[in-house]
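Survey of secondary and tertiary structure
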Amino acid sequence: MEFWNFFWTTVAAFFTLATFSFLYKDNPLYKIAEHLVVGVSAGFFVMVLWHTTLVPNLIDRLADGRWIYLIPLVLGLMMWFRFSKKLSWMSRYPMAVYIGIGAGVAIPLEMATKVIRQLNGMMRPIDWENFFGAGWLDVTAGFSGILLFVGAIAGLIYFFFSKAHTGVFGGVAKFGLWILMLGFGASFGFTVMARISLLINRIQFLDNEWISNAFDSSNEHYTVMYPILFWLVILGLVAYIVYEIIAYRRRGPEETAGTT
Amino acid sequence: MKATFEKLMLLDRRWVFLALAVVGVASYSLKDFQVPILVTNESRQIFAAIDELEEGATIFLSIDYDPNSLAELHPMTYAIMEHAFRRGVRIVITSLSTNGPGMADEAIRAIADSVRIDREYNGVMYPGREVVNGVDYAFLGYKPYPAIVILAMGQDFRIPFPADYYGTPLEELPLMENVRNLSSTECVIVITGTNIADMWLAYGQARQGFPLAFGLTGVSTAQYYPYLNSGQLFGLLGGMLGAAEYEQLADNPGLALDGMRVQLFLHWTIIIFIVIGNVGFFVTRKRRGAGGNV
């Protein structure tokens, strides 16, 4: 790894550790990282929008004499009148075009995707030849089809509040509640896995790309600056921890804790 | 016993964070400890869709995620791209997420480097070769407003993307000669952690009818399983586990398989904390009497 690559990797490592420091409490290192992300993201988005959209899809096409693109240009400019109290009515025209087209395209497609195709999926014939499927809870299996149908009906009955949830109706509603709970449990399990994945990725980054390269003397670009940069970051963090310990001893746990 | 649980119920949550960090780092260092992975049918379907394609076939890969999701989604992108390039399958790539082009560019460069080296996967020797821009892949770049871009790509890639990410007009890319729109590709694989997935279903699959598969972050995986049952999706990779399954199928161990060891230990740690918390809740509630709540 070349020096400047390692330098920026060290910057990334510093901000990784600075972000993790929030788990102890809110602090200036975390604030720097947070503000940098917001600022860089906003600036990056503006530049990406300019270079990938406005230039090739509008400016270049107008330069080629395709004057039809004046219509979206004018509509886009009219949007800016929202900032004027007197002329804000002009922004309603592009909004009307946008909402009209959006609703016209979205309503039939959303209906087909999220209602009709889902109803089809729930009411498919039971596959008796492949009743248990290829594996545990194979979604193509006949057994899964029955479970999904019964579960969907029971789940819908749970949300039917025009009749008291008693007797057989109450039992089915309770079964529906259990089905919902299973769904929430699956979502929670996946969410835990997702959060752990973020931690794993950062551990892999720190080990594979930062620590390994800081002490990799077989690297042809390696100089004494590599470990110096590494130790600078570590010393900075240790200094912050010592500062927190001193603050804790002076002011007590109530003022320094904050996240309990 | 009760006094111990009462103390535990008041435990500062930062001790839990510290415990997770210690277990995470310790289990990460157990490099020789392998976790068995059971491959699900929905992951196998995506692998099979690429594995069974003829050399020279074209697939579409949308890298619709930002760096905040790369932990789970980058391994999927790497595994799918390497599998496709090794098999001689060509890829049309886009990014409908603002920071996606950086993710895609990084993945293309890394995989191009990897494919230069001779490697054996599943007992088949794949000689190293150059992956050529415009021939093996076309990276079209980013455009905002995913729904509109998906609708336009359903008609013709050239409407939203007159030129590729590097500024070359699509007409000059050999790969794009016979590839007009999304339906011209064998299948569409979308890797995302946002509601762009909904847009691909509604504005892409429902309108064009092409075979669609998702690689999703763990958080959003569960809500897309109904689309497998209805046939709107032919495959689904869920979070780091999905990526690990693909790596195992492709015989190409990477960051996801490496991370599953840590997942195992950290899940057990969290389960232990949940059990302690629940037992502590009931034990201390009994002590406070029938009124129960704190």
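Residues numbered from 1 in each chain as written. Chains lettered and ligands numbered in written order. Predicted model: local features only at pLDDT ≥ 70, side-chain atom pairs only at ≥ 80, totals over all residues. Heavy atoms only, no water.

**Some details on the overall build of chain A**
- Of the regular secondary structure elements, chain A holds eight helices and zero strands.
- When its helices and strands are written in sequence order, chain A yields α-α-α-α-α-α-α-α.
- In terms of overall size, chain A is more extended than a compact globule, its C-alpha atoms giving a radius of gyration of 29 Å where 260 residues would be expected to give roughly 18 Å.
- Along the longest, intermediate and shortest principal axes, the C-alpha atoms of chain A span 70 × 60 × 50 Å.
- Per-residue burial for chain A yields a buried fraction of 28% across its 260 residues. (Helix = DSSP H or I, 4+ residues; strand = E, 2+ residues; numbered from the N terminus. Rg over C-alpha atoms; globule rule 2.2 N^0.38 Å. Buried < 20%, exposed > 50% of the residue type's maximum accessible area, 1.4 Å probe, protein only.)

**Some thoughts on the domain arrangement of chain B**
- Considered domain by domain, chain B is made up of domain 1 (2–30 + 265–288) and domain 2 (41–253).
- Once you take the C-alpha centre of each, domain 1 of chain B and domain 2 of chain B turn out to be 40 Å apart. (Domains from an automatic or database assignment.)

**Here we look at the pattern of salt bridges**
- Taken as a whole, this structure holds 17 salt bridges over all chains when the rule is applied.
- For lysine 25 of chain A, the salt bridge identified is with glutamate 244 of chain A, shortest N-O distance 3.7 Å. In this pair, lysine 25 of chain A sits in the loop between helix H1 (3–20) and helix H2 (28–63) while glutamate 244 of chain A sits in helix H7 (residues 225–251), placing the two residues 219 residues apart along the sequence.
- Look at glutamate 244 of chain A and you get buried, because its relative accessible area is 6%.
- Residues aspartate 105 of chain B and arginine 109 of chain B are paired through a salt bridge, measuring 3.1 Å at the closest nitrogen-oxygen approach. Residue aspartate 105 of chain B and its partner arginine 109 of chain B are located together in helix H5 (residues 100–115), separated by four residues, close to a single helical turn.
- We classify aspartate 105 of chain B as buried; its relative accessible area is 13%.
- The structure contains a network of salt bridges with shared partners spanning Asp156, Arg158, Glu171 and Arg180 of chain B. (Salt bridge = Lys/Arg side-chain N within 4 Å of Asp/Glu carboxyl O.)

**What about the interface of chain A and chain B?**
- If you look at the interface, chain A gives 51 residues, while chain B gives 57 residues.
- Of the roughly 4400 Å² buried at the junction of chain A and chain B (both faces included), carbon and sulfur atoms supply 64%.
- Across the contact surface, chain A and chain B share one salt bridge.
- A salt bridge links aspartate 198 of chain B to lysine 114 of chain A, with the nearest nitrogen and oxygen atoms 4.0 Å apart. (Contact = heavy atoms within 4.5 Å. Buried area = accessible area lost by both parts, 1.4 Å probe.)

**Quick notes on the sheet that holds strand E6 (residues 188–192) of chain B**
All names here are of chain B.
- Read across the open sheet, the six strands follow the order E5-E2-E1-E6-E7-E8; overall the sheet is parallel. The sheet terminates laterally at strand E5 (137–142) and strand E8 (235–238), the two strands that pair on one side only. Ignoring which end each strand starts from, the neighbouring axes of this sheet average 15 degrees apart. (Pairing = 2+ DSSP bridges. Axes fitted to C-alpha atoms, helices over the stretch in contact; angles between N-to-C directions.)

**Section: the packing of aromatic side chains**
- The tally for this structure, following the rule as stated, stands at 32 aromatic pairs over all chains.
- Seen from their ring centres, phenylalanine 215 of chain A and phenylalanine 230 of chain A are 5.0 Å apart, and the 75 degrees between their planes marks the pair as edge-to-face. Separated by 15 residues along the polypeptide, phenylalanine 215 of chain A in the loop between helix H6 (167–214) and H7 and phenylalanine 230 of chain A in helix H7 bring together distant segments of the chain.
- With 5.7 Å between their ring centres and 70 degrees between their planes, phenylalanine 47 of chain B and tyrosine 246 of chain B make a pair best called edge-to-face. Of this pair, phenylalanine 47 of chain B sits in helix H3 (residues 41–51) while tyrosine 246 of chain B sits in helix H10 (residues 239–249), and the two are 199 residues apart along the sequence. Tyrosine 246 of chain B matches phenylalanine 47 of chain B in its accessibility class, with the two residues each being buried.
- One aromatic cluster is present, built from ring pairs that chain together Phe3, Trp4, Phe6, Phe7, Trp8, Tyr222 and Tyr226 of chain A.
- Over the ring of phenylalanine 169 of chain A we find lysine 163 of chain A, and its NZ or CZ is 5.6 Å from the ring centre. (Phe/Tyr/Trp six-rings, centres within 6.5 Å; stacked < 30°, edge-to-face > 60°. Lys NZ or Arg CZ within 6 Å of the ring centre and 35° of its normal.)

**Quick word on the packing of H1 of chain A against H7 of chain A**
Residue and element names in this part refer to chain A.
- At a closest axis distance of 10 Å, the pairing of H1 and H7 adopts a crossing angle of 15 degrees. Comparing the axis directions of H1 and H7 gives the class roughly parallel. In the crossing of H1 with H7, the sense of the turn from one axis to the other is right-handed. Residue-level inspection shows Phe3, Phe6, Phe7, Thr10, Phe14 and Leu17 of H1 in contact with H7, the latter providing Met225, Tyr226, Leu229, Val233 and Leu237.
- Here the residues of the contact of H1 with H7 sort into 10 nonpolar, one polar and no charged. (Parallel < 35°, antiparallel > 145°, perpendicular 65-115°, else oblique. Left-handed = near helix turned anticlockwise from the far one by under 90°. Nonpolar A, V, L, I, M, F, W, Y, C, P; charged D, E, K, R; others polar.)

**A look at a nonpolar patch on the surface**
Residues and elements named next belong to chain A.
- Residues Met111, Val115, Ile116, Leu119, Met123, Phe149, Val150, Ile153, Leu156 and Phe175 make up a contiguous nonpolar surface patch of roughly 860 Å² in combined accessible area.
- Mapped onto the nonpolar patch, the elements with two or more residues apiece are helix H4 (92–122) and helix H5 (142–158).
- With respect to the helices, strands and loops of the structure, isoleucine 116 is situated in helix H4. (Patch = residues over 30% accessible without salt bridge, like charges linked within 9 Å, V, L, I, M, F, W, Y side chains within 5 Å. Areas by Shrake-Rupley, 256 points an atom, 1.4 Å probe, with all protein chains shown as cover.)

**Brief notes about the environment of isoleucine 191 of chain B**
Residues and elements named next belong to chain B.
- Here isoleucine 191 is to be found in strand E6.
- Among the residues examined, isoleucine 191 registers a relative accessible area of 0% and is labelled buried.
- Between the C-alpha atoms of isoleucine 191 and tyrosine 28, which are 163 residues apart in sequence, the distance is 26 Å.
- With near-sequence residues (within four places) excluded, isoleucine 191 lies in contact with Leu61, Ser62, Ile63, Asp64, Tyr65, Leu73, Met76, Thr77, Ile80 and Gly215.

**So, the side chain of threonine 185 of chain B**
All names here are of chain B.
- Here threonine 185 lies in the loop between helix H6 (146–155) and E6.
- Classification of threonine 185 as buried rests on a relative accessible area of 7%.
- For threonine 185, the side chain forms a polar contact with the main-chain oxygen of leucine 182, separated by 2.7 Å. (Polar contact = N/O pair within 3.5 Å; in protein donor to acceptor, adjacent residues only side chain to side chain.)

**Regarding the pairing of strand E7 (residues 212–216) of chain B**
Residues and elements named next belong to chain B.
- Buried residues dominate E7, accounting for five of its five residues.
- Here E7 shows two buried faces, one formed by Leu212, Phe214 and Leu216 and the other by Ala213 and Gly215.
- Taken together, E6, helix H7 (residues 196–208) and E7 form a β-α-β motif whose crossover is right-handed.
- Inspection of the sheet shows E7 paired to E8 by four bridges, in the parallel sense. Bridged to phenylalanine 214 within E8 is leucine 236. (Right-handed = clockwise from strand over helix to strand, strands pointing away.)

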